[in-house]
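Next come the chains, spelled out residue by residue.
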Protein chains: 2
Amino acid sequence: MSPGLPDLVSIREVGPRDGFQNEPEIIATGDKIALIDRLARTGIKRIEATSFVRADVIPQLADGPQVLAGIDVPDGVSMSVLVPNERGLDNALAHRDRFHEVGVFLSASETHNRKNVNRSVEESLAGLDRVIPRALEASLKVEAVIATSFGCPYEGHVDPERVFAIVRRLIDAGAGEIGFGDTTGMANPVQVGAFFTEAIARFGDEVLITAHFHNTRGQGLANAVAALQAGCVSFESSFGELGGCPVPAGATGNIATEDLVSMLHEMGVQTGIDLPAVLDAARAVRDLLGRPLGSHTLVAGPVDWG
Amino acid sequence: MSPGLPDLVSIREVGPRDGFQNEPEIIATGDKIALIDRLARTGIKRIEATSFVRADVIPQLADGPQVLAGIDVPDGVSMSVLVPNERGLDNALAHRDRFHEVGVFLSASETHNRKNVNRSVEESLAGLDRVIPRALEASLKVEAVIATSFGCPYEGHVDPERVFAIVRRLIDAGAGEIGFGDTTGMANPVQVGAFFTEAIARFGDEVLITAHFHNTRGQGLANAVAALQAGCVSFESSFGELGGCPVPAGATGNIATEDLVSMLHEMGVQTGIDLPAVLDAARAVRDLLGRPLGSHTLVAGPVDWG
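Rules used in this analysis
Residues numbered from 1 in each chain as written. Chains lettered and ligands numbered in written order. Predicted model: local features only at pLDDT ≥ 70, side-chain atom pairs only at ≥ 80, totals over all residues. Helix = DSSP H or I, 4+ residues; strand = E, 2+ residues; numbered from the N terminus. Rg over C-alpha atoms; globule rule 2.2 N^0.38 Å. Buried ≥ 20, exposed ≤ 12 C-beta atoms within 10 Å, placed from the backbone. Axes fitted to C-alpha atoms, helices over the stretch in contact; angles between N-to-C directions. Parallel < 35°, antiparallel > 145°, perpendicular 65-115°, else oblique. Left-handed = near helix turned anticlockwise from the far one by under 90°. Contact = placed C-beta atoms within 7 Å. Nonpolar A, V, L, I, M, F, W, Y, C, P; charged D, E, K, R; others polar. Pairing = 2+ DSSP bridges. Right-handed = clockwise from strand over helix to strand, strands pointing away. Least-squares fit on C-alpha atoms with pLDDT ≥ 70 in both. Arc of directions from axis to C-beta. pLDDT = per-residue confidence, 0-100.

What follows concerns the overall build of chain A. Along the backbone of chain A there are 12 helices and 10 strands. At 18 Å, chain A has a C-alpha radius of gyration in line with the 19 Å of a compact globule built from 306 residues. Its C-alpha atoms give chain A principal-axis dimensions of about 55 × 45 × 35 Å. Within chain A, the fraction of its 306 residues that count as buried is 56%.

Contact geometry for helix α9 (residues 220-229) of chain A and helix α9 (residues 220-229) of chain B: axes closest at 6 Å, N-to-C directions at 45°. Judged by the angle between their axes, α9 of chain A and α9 of chain B are oblique. Seen from above, α9 of chain A lies across α9 of chain B with right-handed handedness. Two secondary-structure elements touch here, α9 of chain A through Leu221, Ala222 and Val225 of chain A and α9 of chain B through Leu221, Ala222 and Val225 of chain B. Classifying every residue of the contact of α9 of chain A with α9 of chain B by side-chain character gives 6 nonpolar, no polar and no charged.

Let's shift gears to the interface of chain A and chain B. Contact with chain A, which involves 33 residues of that partner, is made by 33 residues of chain B. Counting only elements with at least two residues in the side of chain A that touches chain B, the list comes to α8 (189-203), α9, α10 (257-266) and α12 (297-300) of chain A. For the side of chain A that touches chain B, the element with the highest residue contribution is α10 of chain A, accounting for 4 residues. Considering only residue class, the side of chain A that touches chain B consists of 13 nonpolar, 15 polar and 5 charged.

Each regular strand carries side chains that alternate between the two faces of the sheet. Residue and element names in this part refer to chain A. For strand β3 (residues 78-82), the buried fraction is high: 4 of the 5 residues fall into the buried class. Sheet topology note: the strand β2 (residues 46-51)/β3 ladder contains 5 bridges and is parallel. Counted as the bridge partner of Ser51 is Leu82 from β3. Crossover handedness for the path β2 to helix α3 (residues 64-70) to β3: right-handed. Across 3 bridges, the pairing between β3 and strand β4 (residues 101-107) is parallel. What sits directly across from Val81, in β4, is Val102. What joins β3 to β4 is helix α4 (residues 86-93), and the crossover it makes is right-handed.

By a simple turn and slide, chain A fits onto chain B: the slide is 0.0 Å along the axis, the RMSD is 0.0 Å, and the turn is 180°. Put plainly, the chains are arranged around a two-fold axis. The position closest to the rotation axis in chain A is occupied by the C-alpha of Ala222 of chain A, lying 1.9 Å away. Both copies present the same face, since 100% of the interface residues in chain A are matched by interface residues at the equivalent positions in chain B.

As a further point, take the sheet that holds strand β3 (residues 78-82) of chain B. Residues and elements named next belong to chain B. The 8 strands are arranged β1-β2-β3-β4-β5-β6-β7-β8 in a closed barrel whose pairing can be described as parallel. Along the sheet, successive strands turn relative to each other by an average axial angle of 25°, direction set aside. In terms of strand pairing, strand β6 (residues 177-181) meets strand β7 (residues 208-212) through 5 bridges, oriented parallel. If you follow Gly181 over to β7, its bridge partner there is His212.

The next point concerns helix α5 (residues 110-117) of chain B. One turn of an α-helix holds 3.6 residues; hence residues three or four places apart share an orientation. Residue and element names in this part refer to chain B. Every buried residue of α5 is listed here: His112, Asn113, Asn116 and Val117. Buried residues of α5, seen end-on, are gathered within an arc of 100° and therefore sit on one face of the element. Taken together, the buried residues of α5 touch β4 (101-107), α6 (121-137) and β5 (141-147). Looking one or two residues past α5, Asn118 carries a phi angle of roughly 60°, positive in sign.

A word on the sheet that holds β3 of chain A. What holds strands together in a sheet is hydrogen bonding between their backbones, with the strands either parallel or antiparallel. All names here are of chain A. Read once around its circumference, the closed barrel built from 8 strands follows the order β1-β2-β3-β4-β5-β6-β7-β8, with strand pairing classed as parallel. Averaged over all pairs of adjacent strands, the angle between their axes in this sheet comes to 25°, without regard to strand direction. Where strand β5 (residues 141-147) and strand β6 (residues 177-181) come together, 4 bridges link them in parallel fashion. Note on β6: the bridge partner recorded for Ile146 is Phe180.

Moving on, we get to α4 of chain A. Regarding α4 of chain A, the residues found buried are Gly88, Leu89 and Ala92 of chain A. For α4 of chain A, the arc enclosing every buried residue in end-on projection is 100°, short of the 170-degree limit, so these residues lie on one face.

What follows deals with unusual backbone geometry. Residue and element names in this part refer to chain A. In the Ramachandran plot, Asn118 falls in the positive-phi region, its phi being about 60° despite a non-glycine side chain. Within the element layout of this structure, Asn118 appears in the loop between α5 (110-117) and α6 (121-137). The residue Ser139 is not glycine, and still its phi comes out positive at about 60°. If you trace the backbone, Ser139 turns up in the loop between α6 and β5.

When the pLDDT values of chain A are averaged, the result is 95; 96% of them are 70 or greater. Reported for the predicted complex are a pTM of 0.96 and an ipTM of 0.95.

Residue and element names in this part refer to chain A. For Phe99, the location among the structural elements is in the loop between α4 and β4. With 119 residues separating them in the primary sequence, Phe99 and Gly218 have C-alpha atoms 33 Å apart. Residue contacts for Phe99: discarding those within four places in its chain leaves Ala49, Leu68, Met79, Ser80 and Val81.

Moving on, we get to the pairing of strand β7 (residues 208-212) of chain A. Residues and elements named next belong to chain A. Counted residue by residue, β7 has 4 buried out of 5 residues, so it is predominantly covered. Read as a crossover between parallel neighbours, the route from β6 over α8 to β7 is right-handed. Direction of pairing for β7 relative to strand β8 (residues 234-237): parallel, over a ladder of 2 bridges. Among the inter-strand pairings, Ala211 is bridged to a residue of β8, identified as Phe235. Running through α9, the crossover from β7 to the neighbouring parallel element β8 is right-handed.

Take a look at the structure:
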């Protein structure tokens, strides 16, 4: 371990949802299942497998039920699905035995929330006041992700106090985990350090605090280190550096799981994840998609200390 | 400014040397001149313009004299050239009025040094005992870069004490600046933080300490932040994320100047550099080379806070 850093962090793989949903070509259901099965055998303990959004909004994830039915989930691996609203939760609950957690989301920025889900932030929060308790009744864990927590491509600066007020509402509604999303890669390490220090001080005893960074401007791992130094022990990333955000177009790139794992292990922070196995999965999705991906370690390989 | 961080850092643009030398296709001399002239008008105050290596070893930089003769250097911008040995220095000195600094180099790792310059580390140091004083006699500033300071692709771990012993020799020979190169992207932020803290404590009063990171495994900017937190105020980077190291093949990617500048400015650390102007230069070299480059901000654009 390293002084001042945690011994162990947890990583949720979001590629099968956040990554795949941004792919323009439909990926065959069987291919998705094979990739998730592979990821679930890398030591990754949390995987966002799909979402229950309207098929006409995100056709790529219209096969959510088939994916959930087809995957072979090892003991100890927690599958989550993203639901946009109560209808999405209803649809997900029809497959309740196939997953363990739900993710819900809204944006801290009014404009981004409206462009993304056509609701005001208050309308989203009112909806989550119904969705989260119903998920808890179904014995599901609930992560609530707050998009544009560090800045909005439409509104610019987002006041952390506004974000923290949303956190309070989400905790009161029953969320057990809060994910802070740097949806379009506007965060910087100084901002992230201050933000997570404050978030953990205020809410760290009540909920799990999770960091969700994008590598839009190459700062994704620098932000991850800043969050780690502030005490964050839970991260989301995407194999191959797949992913992004549909709004605005071109806002691409979650941090790559293999780059994050490589860096953390080199820093003496454990993840329980087998890096070569994740690289195999990233290689498989690269071959499937047939184009170079943003991941660095996928090209360079792990550090070889001889 | 941000607490604990410097107000201002200096960046040397190394793309015209470290970047171009890794390009497989020869870049026309006139194109090199136009790009350097453009970079010299971005607020960047230090540029590594070319090197004086044997033309049969690096044909791409065989036009060093023509490049130096052709560039139009604004007042206050310092041009440097890399010289591999005394013969290289002689060749450079024939154009003494066209540049201000020389860079010299060796590797901390015996194997990497031998593969790169076919000498032992001791032989390289003996050569620098002659080269550095001669450069000083010509009123040139001297940066000595120590490659593989954080790890060697052949030998693995490189003992910092070995690196620091080399630093002592280089300072005694007259070097005014020591650059620590993470030549093949093996460094991690914890290692970098400890290394620069120690290097600055030992040598910071005697020489300028410069960080030279590669983004081989996506950690380049995270390492830059770690060096910055340790007190480093001098960095090297390459527009477009051009560059790498010829040994071993495929070890690509200096950190991108525009990604570094974007991050530093967002963190409240000034560079004196105009980010849009650097992005214009990166766009020009991308168009010239005709392929996507590794730079992130070149794709995403600067952060827009509205």
